[in-house]
Amino acid sequence: MSCVIFTEHATASGQFIGEICLNSEKNLNALTLDMIELILPKLSQWQDDPRISAVLLDSVGEKAFCAGGDVVSLHNAITSGVAEDSFAETFFTQEYRLDYLIHTYSKPIMCWGSGIVMGGGMGLYSGCSHRIVTQSSHLAMPEVSIGLYPDVGGSWFLNRMPGRTGLFLGLTGNAINAVDAVFLGLADRAIDLSLRSHLLQRLQASDWVGSASGIIDGILRDLEADSLVHFSEMAAPIQQHQAVIRQLTDQDDVAGILAALDALQTDDPWLIRAKKSVSHGSPVSLCLIKRQLERCRHLSLKEVFQQELNVSVQCCRQRELPEGIRALLVDKDRQPKWTFATVKDVDAHYIDGLLASPWSKDTHPLGNL
């Protein structure tokens, strides 16, 4: 079976809904270069096809929509010492090109973001026009644990969250549930898991005359209304801890944020996870995340993806990222030997190098976005 399944579902009016289904359940639908290079041309084709009214992006299985990018292949390419730049540049260029296309697509794209939605999965999900979460949704950008930073547009959407929440989530990698995802504007509708098949049935039964986005809004509004009971009692840690997050991140530098978090006395499991993740996270990542968010605050979406490509390729040229992937996902010993012992040890010039473009303006791989 293909790693991506494409289906065109006929509707009552003779139009079609294009479905893109990630099909690698064993690997939690982790996004591979093969997947990306299948999806990109199909989305471009459907954008120009007048028969296609809208697109539905989902996946097989119930555990994960997409648990991240295929960083193990990235690790293998980097550590092989053979054309490592070539694979990294191709992977990230194509991934960001796909993410940008989703953000700017001329037709509605719905995403059923149930289960784990992390890293590369967030890149696919966040740019869709109609983003759906369920009671099992688990959204996160945990790159701090592998020596990277929240890419795939994270420099865009984390910067648009209220009260420095995006900075906190980037530094800690803490997960977001359905209720908080809607609150943060990262999701549009919270819908019961059991209504997944009903969504496609309603889409097919509709008469696609008029605004496609309006038709979808009406369907999702009804399904959300039928789902309220499943979310009414769900905890909302981000909403609950807004004041704490603002206080913790109101520091002069990353070291100050980590000190404030370390000094925090709490028995709240969500905040305890945050304390633990930063204590084990990459010091390079922690410094890079803050600098990258500051650098991208006023950039356009196109400029954000160009800047992310600069940083991602530069990260692949250093030891921090492959070492982080090795410790977490390859050897799985969870004992990374980070380049710097603490954030205070991280050389500012080292971070400057990660932020610098490897290309001139005229040769940038994403210059033609």
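See the structure shown above.
Residues numbered from 1 in each chain as written. Predicted model: local features only at pLDDT ≥ 70, side-chain atom pairs only at ≥ 80, totals over all residues. Heavy atoms only, no water.

*Asks:* Is there a simple way to explain the overall build of the protein in this structure?
*Replies:* Along the backbone of the protein there are 17 helices and 9 strands. Relative to the 2.2 N^0.38 estimate, which gives 21 Å for 369 residues, the radius of gyration of the protein is 20 Å and therefore close to what a compact globule would have. Dimensions of the protein, computed from C-alpha atoms along their principal axes, come out at roughly 65 × 50 × 40 Å. The buried share of the protein, reckoned over its 369 residues, is 55%. In the protein, the proportion of contacts linking residues at least 24 apart, taken out of those at least 6 apart, comes to 74%. Within the protein, one finds 30 positive and 43 negative side-chain charges whose respective centroids are separated by 2 Å. (Helix = DSSP H or I, 4+ residues; strand = E, 2+ residues; numbered from the N terminus. Rg over C-alpha atoms; globule rule 2.2 N^0.38 Å. Buried < 20%, exposed > 50% of the residue type's maximum accessible area, 1.4 Å probe, protein only. Contact = heavy atoms within 4.5 Å. Lys, Arg positive; Asp, Glu negative; His and termini not counted. Charge placed at Lys NZ, Arg CZ, Asp CG, Glu CD.)

*Asks:* Mind showing me how you'd approach the pattern of salt bridges here?
*Replies:* Note on pairing: side chains with opposite charge can pair once their charged atoms come close. Using the criterion set out here, one finds 11 salt bridges in the structure. Note that Asp49 and Arg51 form a salt bridge whose closest N and O atoms lie 3.0 Å from each other. Here Arg51 falls in the partly exposed class, since its relative accessible area comes to 34%. Here the salt bridges share partners, and the residues they tie into one network are Glu323, Arg326, Asp331 and Asp333. (Salt bridge = Lys/Arg side-chain N within 4 Å of Asp/Glu carboxyl O.)

*Asks:* Whenever I open this one, the sheet that holds strand 4 (residues 64–66) confuses me. Can you help?
*Replies:* Sheet architecture is open: 3 strands sit in the order 4-6-8, paired in parallel fashion. One side of each edge strand has no neighbouring strand; the edge strands of this open sheet are strand 4 and strand 8 (138–140). Between one strand axis and the next, the sheet turns through 15 degrees on average, direction left out of account. The pairing of strand 4 with strand 6 (residues 116–118) spans 2 bridges and is parallel. Considered in strand 6, the bridge of Ala64 is made with Ile116. (Pairing = 2+ DSSP bridges. Axes fitted to C-alpha atoms, helices over the stretch in contact; angles between N-to-C directions.)

*Asks:* Any chance you could explain the sheet that holds strand 3 (residues 52–59) here in plain terms?
*Replies:* Hydrogen bonding along the main chain pairs the strands of a sheet, whether they run parallel or antiparallel. The mixed open sheet is built from 6 strands, whose spatial order is 1-2-3-5-7-9. The two strands at the open ends of the sheet, each matched to only one other strand, are strand 1 (4–10) and strand 9 (189–190). The pairing of strand 7 (residues 130–133) with strand 9 spans 2 bridges and is classified as parallel. By the bridge assignment, Val133 is partnered in strand 9 with Ala190. In the packing of helix 1 (residues 33–47) onto the sheet, the strands contacted are strand 1, strand 2 (16–22), strand 3 and strand 5 (109–113), and the crossing angle to strand 1 comes to about 25 degrees. Strand contacts of helix 8 (residues 196–205): strand 1, strand 2, strand 3, strand 5 and strand 7, with the helix running at about 170 degrees to strand 3, the strand carrying the most contacts.

*Asks:* Is there a simple way to explain the nonpolar core in this structure?
*Replies:* Nonpolar side chains tend to gather and get buried jointly when the protein is soluble and globular. By size, the foremost hydrophobic cluster in this structure holds 95 residues, and its most contacted members are Leu43, Phe65, Leu139, Leu321 and Ile351. Top contributing element to this core by residue count: helix 3 (residues 84–103), with 8 residues. When sequence neighbours within four positions are dropped, the list of residues in contact with Leu43 reads Ile20, Val55, Leu98, Leu101, Ile102, Tyr105 and Ile109. One finds Ala54, Leu200, Trp208 and Ile216 within the second-largest nonpolar core, a separate group that totals 18 residues. (Core = buried A, V, L, I, M, F, W, Y, C linked by side-chain atoms within 4.5 Å.)

*Asks:* Can you help me understand the pairing of strand 2 in this one?
*Replies:* Both faces of the sheet carry side chains from a regular strand, because those side chains alternate between them. Buried residues dominate strand 2, accounting for 6 of its 7 residues. Two elements, strand 1 and strand 2, share 7 bridges in a ladder whose sense is antiparallel. Within the sheet, the bridge partner assigned to Ile5 lies in strand 2 and is Cys21. Between the end of strand 1 and the start of strand 2, which pair antiparallel, lie 5 residues, with Gly14 showing a positive phi angle near 90 degrees. In this sheet, strand 3 lies alongside strand 2 in parallel orientation, the contact comprising 7 bridges.

*Asks:* Sorry if this is basic, but what is going on with the pairing of strand 3 here?
*Replies:* Across the 8 residues that make up strand 3, a large majority, 8, are buried. As for the winding sense of the linkage, the β-α-β connection from strand 2 through helix 1 to strand 3 is right-handed. Of the strand pairs in this sheet, strand 3 and strand 5 are connected by 3 bridges, and their pairing is parallel. Pairing of Val55 across the sheet is with Ile109, part of strand 5. (Right-handed = clockwise from strand over helix to strand, strands pointing away.)

*Asks:* So what exactly am I meant to see when it comes to the packing of aromatic side chains here?
*Replies:* Any two aromatic rings considered together are summarised by their centre-to-centre distance and by the angle between their planes. Applying the stated criterion across every chain, the model contains 8 aromatic pairs. Centroid distance Phe87 to Phe91: 6.1 Å. Interplanar angle 20 degrees. Geometry classified as stacked. Of this pair, Phe87 and Phe91 both sit in helix 3, separated by 4 residues, roughly a single helical turn. Judged by relative accessible area, which is 3%, Phe91 ranks as buried. Measuring from ring centre to ring centre gives 5.9 Å for Tyr96 and Phe305, while their planes differ by 40 degrees; the resulting arrangement is tilted. Note that Tyr96 is positioned in helix 3 and Phe305 in helix 15 (residues 301–316), a separation of 209 residues in sequence. (Phe/Tyr/Trp six-rings, centres within 6.5 Å; stacked < 30°, edge-to-face > 60°.)

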